[in-house]
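Structural description and commentary
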Amino acid sequence: MRVLLLSMPDSFEHTPTVAVRMPTGAITSLAGNVDPHHGVAVADLVLVQRSVGPTLERLLAELRPEVVGLSVMTFQRVTARRVIGLVRARTPDVRVVVGGYDPSLAPEAWTHPAIGIDAIVRGEGEITFRELLRALEAGRPLAGIAGLWYRDGESFRRNPPRPVAALDRDGIRPPRRAARVLPGYTMLGRPVDVVETSRGCTFDCSFCSIIEMRGRNFHRFPIPRVIDDIADARARGARAIFLVDDNITLDVPRLEELCRAIVAAGLHRIDYLVQAMTASIAAHGDTLAPLMRRAGFRYVFLGIENVVDEDLDFLRARAKNSRRQAGARVNTARAAIDVLHRHGMLVVGGLIVGNPGDGPDAVAANLAFARRYVDWPYIQHPTPYPGTPMTRDFEERGLIASRNAEEYDGTTAVTRTAHLAPEAVEFLRWKAERWMKLRHMPVALRHNPLFVLRRTPQMLAHTFRGTTWRSICGLESSRDVFARYRRRRAEERRYLDWPDPLGSLEDASASLVGSGTPELPAPRHPAYIRRT
């Protein structure tokens with residue numbers, strides 16, 4: 001079968017495409033795990049944000065897909081519906097399949113007939129999607145495919161969930177990078193790729209979708225398989241690699257083994273970016289950090305989460321961000337940052353501000369910490385993603401202010417606190433964070449001088465969106481600039497000039513929190529009517 005796999009063009013505020021265009025590992029993994037006789041093409045639409053429509057038109061005409069699959073996060077939901085509308089109009093008989101975090105955790109948001117979905121892959125997709133293609137090709141019923149919801153007339157059949165894969169024995173094959181049909185992946189001017197060495201996490205942070213997606217577990221790929229995967233990425237041009245594990249520092253001895261294997265394989269002249277827990281780095285940094293630096297690790301995304309104890313408790317993140325010392329639990333963020341800095345690595349500081357009890361002082365404490373200690377701020381707001389404990393908590397407290405899925409991007413405040421409106425929290429973060437980002441420019445310039453010199457105007461324009469000569473001269477307030485920034489950000493979310501199949505029927509609250517199917521009228525997509 002001819003298959004086209006798409007990731008959405010919507011990007012995060014902290015990873016603007018002027019500087020970062022990262023591959024979506026999920027769809028290349030899907031491509032690598034279907035039967036080899038299928039013709040599979042992979043397109044990360046973040047590479048063509050300004051020409052999504054023409055690119056889709058070209059790919060559909062050239063590839064003539066029989067199956068189109070979309071990987072979707074919650075804030076990409078509306079864009080995905082528009083993409084599906086275009087796909088349906090151009091290829092009416094195509095089978096449309098969605099997967100990823102949002103369809104997995106809020107499948108009811110995807111079942112309305114107007115959207116035109118044929119199947120939903122829930123949870124890990126490699127084996128489910130492989131079995132789906134086999135069934136479609138052979139004309140077999142879909143009822144026996146675990147992890148699949150599929151349309152049957154007016155309703156969706158709901159197959160049982162699929163257990164998570166044990167990566168060392170369940171036959172998850174390496175990704176198929178050769179299936180990519182769009183060029184241009186970059187991280188600050190260096191060709192970038194993603195590699196996965198493990199999956200899962202055993203902590204239960206309230207804000208995280210991982211536990212809801214796959215439960216509390218941790219599975220590892222064999223180290224030789226990981227090294228082969230890194231070598232394949234490098235052979236295809238990658239000079240920076242993001243290790244996208246959910247929590248690679250759960251197994252510190254294995255991470256140390258991986259570092260030694262990277263060096264032994266001569267793959268240490270790559271810039272590595274990895275996510276890590278502060279507690280693991282603080283406890284093992286004296287031996288782990290030198291190995292990481294020797295292996296080429298440059299950026300470490302630390303899940304600091306918050307520096308206020310009460311907020312860490314709300315986020316259920318104290319255990320992974322503290323250690324027992326003199327009979328009390330002590331926050332490990334400072335110790336982790338110090339050891340990483342001592343060994344020449346840069347810290348991307350992940351913080352969450354705007355929790356239910358936050359007032360201006362709590363927000364300011366986190367911003368001051370980021371300003372003093374981290375190299376690149378990655379500060380977000382609590383976002384009630386489908387199915388998470390945080391979402392249930394915010395619902396019970398009545399603190400969710402916005403049901404617009406497009407705003408669930410982590411940097412648009414959609415919840416209020418007991419003391420602050422959403423816009424007030426977002427303003428405090430926005431005002432401080434712009435200048436923190438500016439401080440990283442000299443570091444980036446030394447490492448990638450040609451890229452930074454060429455792109456500085458665009459990067460500054462992105463970081464300081466909303467700024468005008470009037471505001472620079474003090475003739476406008478920062479509130480005026482912030483309001484203009486928010487309008488600009490809302491305009492940027494329209495990546496495709498195509499109507500949303502649901503039109504003005506925006507997602508009901510139930511579709512965001514996964515508590516039921518939204519009550520909507522039932523206009524049906526014209527192409528779907530023709531097919532049924």
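The rules we used
Within each chain, residues carry numbers counting from 1 in the order of the written sequence. At least 70 in pLDDT is required for a residue's local features to be given in this predicted model, at least 80 for side-chain atom pairs to be given and counted, and no such filter applies to totals for whole chains, interfaces and linings, which use all residues. Only hydrogens and water are set aside when side-chain values are computed; all heavy atoms of the structure are taken into account. When DSSP finds two or more bridges between a pair of strands, those strands are recorded as paired. Numbering of helices and strands starts at the N terminus; helices are DSSP runs of H or I of at least 4 residues and strands are runs of E of at least 2. A fitted line through C-alpha atoms represents every axis, and for helices the fit uses only the stretch in contact; the resulting angles, taken between N-to-C directions, go from 0 to 180 degrees. The contact criterion used throughout is that any non-hydrogen atoms of two residues lie within 4.5 Å. To estimate how far a helix should reach, multiply one less than its number of residues by 1.5 Å. The angle between axes fitted to the seven residues ending at a residue and the seven residues starting there is what we call the bend at that residue. Throughout, exposure labels follow a simple rule: accessible area from a 1.4 Å probe, protein chains only, divided by the maximum for the residue type, with under 20% read as buried, over 50% as exposed, and the rest as partly exposed. Only a pair of cysteine sulfur atoms within 2.5 Å qualifies as a disulfide here. Here a Phe, Tyr or Trp ring, Trp counted by its six-membered ring, pairs with any other such ring whose centre lies within 6.5 Å, and the pair is stacked when the planes are under 30 degrees apart, edge-to-face when over 60, and tilted otherwise.

Sheet strands pair via backbone hydrogen bonds, and the direction of the pair is either parallel or antiparallel. Strand order in the open sheet formed by 6 strands is β10-β13-β14-β15-β18-β19, with parallel pairing between adjacent strands. Pairing within the sheet leaves two strands with one partner each, and these edge strands are β10 (192-195) and β19 (376-380). Pairwise comparison of adjacent strand axes, ignoring direction, gives a mean angle of 20° for this sheet. Here β10 pairs with strand β13 (residues 240-243) via 4 bridges, running parallel. Bridge pairing in β13 links V194 to F242. Helix α7 (residues 223-235) contacts β10, β13 and β14 (271-276) of the sheet and is inclined by roughly 165° relative to β10.

With 18 residues, helix α9 (residues 278-295) extends only 20 Å from end C-alpha to end C-alpha; this falls clearly short of the ideal 26 Å at 1.5 Å per step. G285 marks where α9 bends most, by close to 100°. Among all positions of α9, only T278, A279, S280, I281, A282, G285, L288, A289, L291, M292 and A295 are buried. For α9, the secondary structure elements touched by its buried residues are α8 (252-264), β14, β15 (297-305), β16 (322-325) and α11 (333-342). Following α9 by one or two positions, G296 adopts a phi angle in the positive range, close to 105°.

Looking now at the state of the cysteines. Inspection of the entire model under this criterion finds 0 disulfides. Cysteine C201 is unpaired, with the sulfur of C205 as its nearest cysteine sulfur at 6.4 Å. We classify C201 as buried; its relative accessible area is 10%. In this model C259 remains outside any disulfide bridge; the closest cysteine sulfur is found in C201, 19 Å from its own. On the accessibility criterion, C259 (1% relative accessible area) is buried.

This part takes up the packing of aromatic side chains. This model, assessed by the stated rule, comprises 11 aromatic pairs. Ring centres 4.8 Å apart and planes at 45° place the aromatic pair F369 and Y373 in the tilted group. With a gap of 4 residues between them, F369 and Y373 both fall in helix α12 (residues 360-373), about one helical turn apart. Taking relative accessible area as the criterion, Y373 reaches 14% and is therefore assigned buried. Members of the aromatic cluster, connected to one another through ring pairs, are F427, W430, F482 and Y485.

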